[in-house]
Structure formats: structure tokens, C-alpha cells
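# Summary of structural features
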Amino acid sequence: MIKVSVMYPNAQGVSFDHDYYKTTHMPLVKSKMGKALHHYTVDKGLAGGAGDAPAFVAMGHLLVDSVEAFQAAFGPHAQEIMADIPNYTNSSPVIVISEVTVEKG
């Protein structure tokens with residue numbers, strides 16, 4: 001299982017519409033990626049390690065079978081999905097693709 005993490009850095013002047021992100025943007029991603037996207041989560045940054053401001057104002061995590069499956073499902077819609085970013089933030093996302101090695105309930 002592969003996790004694609006899209007993280008939005010927090011900084012002075014960053015704005016982020018969490019409601020739009022979870023009710024409009026992420027459902028758009030799901031609709032475009034279809035069955036390739038097994039599951040997604042949305043996180044809202046609250047604080048850093050020592051009570052500092054959070055490093056990321058928000059994070060979205062996409063779970064897919066493989067990097068190739070992600071690229072095949074996301075790639076054809078990347079321009080449309082990325083064009084939606086200004087509708088909810090002025091932060092530039094950092095993207096990390098990782099392999100999930102442990103998942104427990």
C-alpha cells in the first residue's frame with residue numbers, strides 16, 4: 001500500500017479553508033481517481049512538538065495500491081485538481097509518497 005501525503009506548510013500569512021478542502025476538494029480528488037483511491041484522510045494542524053505553531057496547516061493522505069496506480073489515476077486529472085488549490089489556500093503543498101509498512105486498528 002502506498003500513501004501519498006499532500007502537506008500544506010504553515011507560515012505567516014498562510015490562509016486555508018478547511019471546510020472547502022474536506023467538503024469540495026477531496027471529494028473532487030476521489031471522483032477523479034475513482035477506484036484507484038482506496039481511502040483518504042484529512043488532517044488539520046493544531047500544534048507543533050513544544051506547543052509551537054504546527055509545521056503544516058493541513059494534510060491530505062491518499063491510500064493507493066502503488067505509485068504506478070497513483071500516477072495512472074491522478075495524472076490525467078492533475079491539472080484540474082491542482083487548479084483548485086487557490087480556492088482553499090495560498091500555501092504551496094509538499095508531496096511525499098511513502099510505503100505503508102504497518103497498519104493496525
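Please read all numbers here as calculations on a predicted model, not as lab measurements.

### Details of the UniProt feature "domain: EthD" (unreviewed entry) in the protein
The positions UniProt marks with the feature "domain: EthD" (unreviewed entry) are residues 17-91. Secondary structure over residues 17-91 splits into 40% helix and 20% strand, and the C-alpha atoms at its two ends are 11 Å apart.

### So, the sheet that holds strand β2 (residues 39-44)
Taken in spatial order, the four strands of this open sheet run β2-β3-β1-β4, and their pairing is antiparallel. Every other strand in the sheet has two partners, leaving β2 and β4 (94-99) as the edge strands with one partner each. Looking at each pair of strands side by side, their axes are set apart by 15° on average, direction ignored. Here six bridges tie β2 to strand β3 (residues 56-64), and the two strands are oriented antiparallel to one another. Its bridge partner being in β3, H39 is matched across the sheet by L63.

### As for the pattern of salt bridges
Summed over all chains, the structure comprises one salt bridge. E80 serves as the salt-bridge partner of K32, at 3.4 Å between the closest nitrogen and oxygen. Of this pair, K32 sits in helix α1 (residues 18-33) while E80 sits in helix α3 (residues 78-83), placing them 48 residues apart in sequence. Residue classification places K32 among the partly exposed positions, given a relative accessible area of 27%.

### Let's talk about the nonpolar core
Core analysis: the largest hydrophobic core is formed by 20 residues, its most contacted members being Y8, F16, V29, M33, L62 and F70. With sequence-adjacent residues up to four places away left out, Y8 is seen in contact with F16, Y21, A55, F56, V57, A58, I85, Y88, T89, S91 and P93.

### Comments concerning the layout of surface pockets
There is about 170 Å³ of room inside the largest pocket. Broken down by element, the residue count for the lining of the largest pocket peaks at four residues, all from α1. Here the lining of the largest pocket is built from residues that sort into 15 nonpolar, one polar and no charged.

What counts and how
Residues numbered from 1 in each chain as written. Predicted model: local features only at pLDDT ≥ 70, side-chain atom pairs only at ≥ 80, totals over all residues. Heavy atoms only, no water. UniProt positions renumbered as here; feature names shortened; annotations may be inferred. Helix = DSSP H or I, 4+ residues; strand = E, 2+ residues; numbered from the N terminus. Pairing = 2+ DSSP bridges. Axes fitted to C-alpha atoms, helices over the stretch in contact; angles between N-to-C directions. Salt bridge = Lys/Arg side-chain N within 4 Å of Asp/Glu carboxyl O. Buried < 20%, exposed > 50% of the residue type's maximum accessible area, 1.4 Å probe, protein only. Core = buried A, V, L, I, M, F, W, Y, C linked by side-chain atoms within 4.5 Å. Contact = heavy atoms within 4.5 Å. 1 Å grid on protein atoms, 1.4 Å probe; cavity = no way out; pocket = protein on both sides within 12 Å on 5 of 7 lines; lining within 4 Å. Points joined across faces, edges and corners; volume = space filled by probe spheres on them. Nonpolar A, V, L, I, M, F, W, Y, C, P; charged D, E, K, R; others polar.

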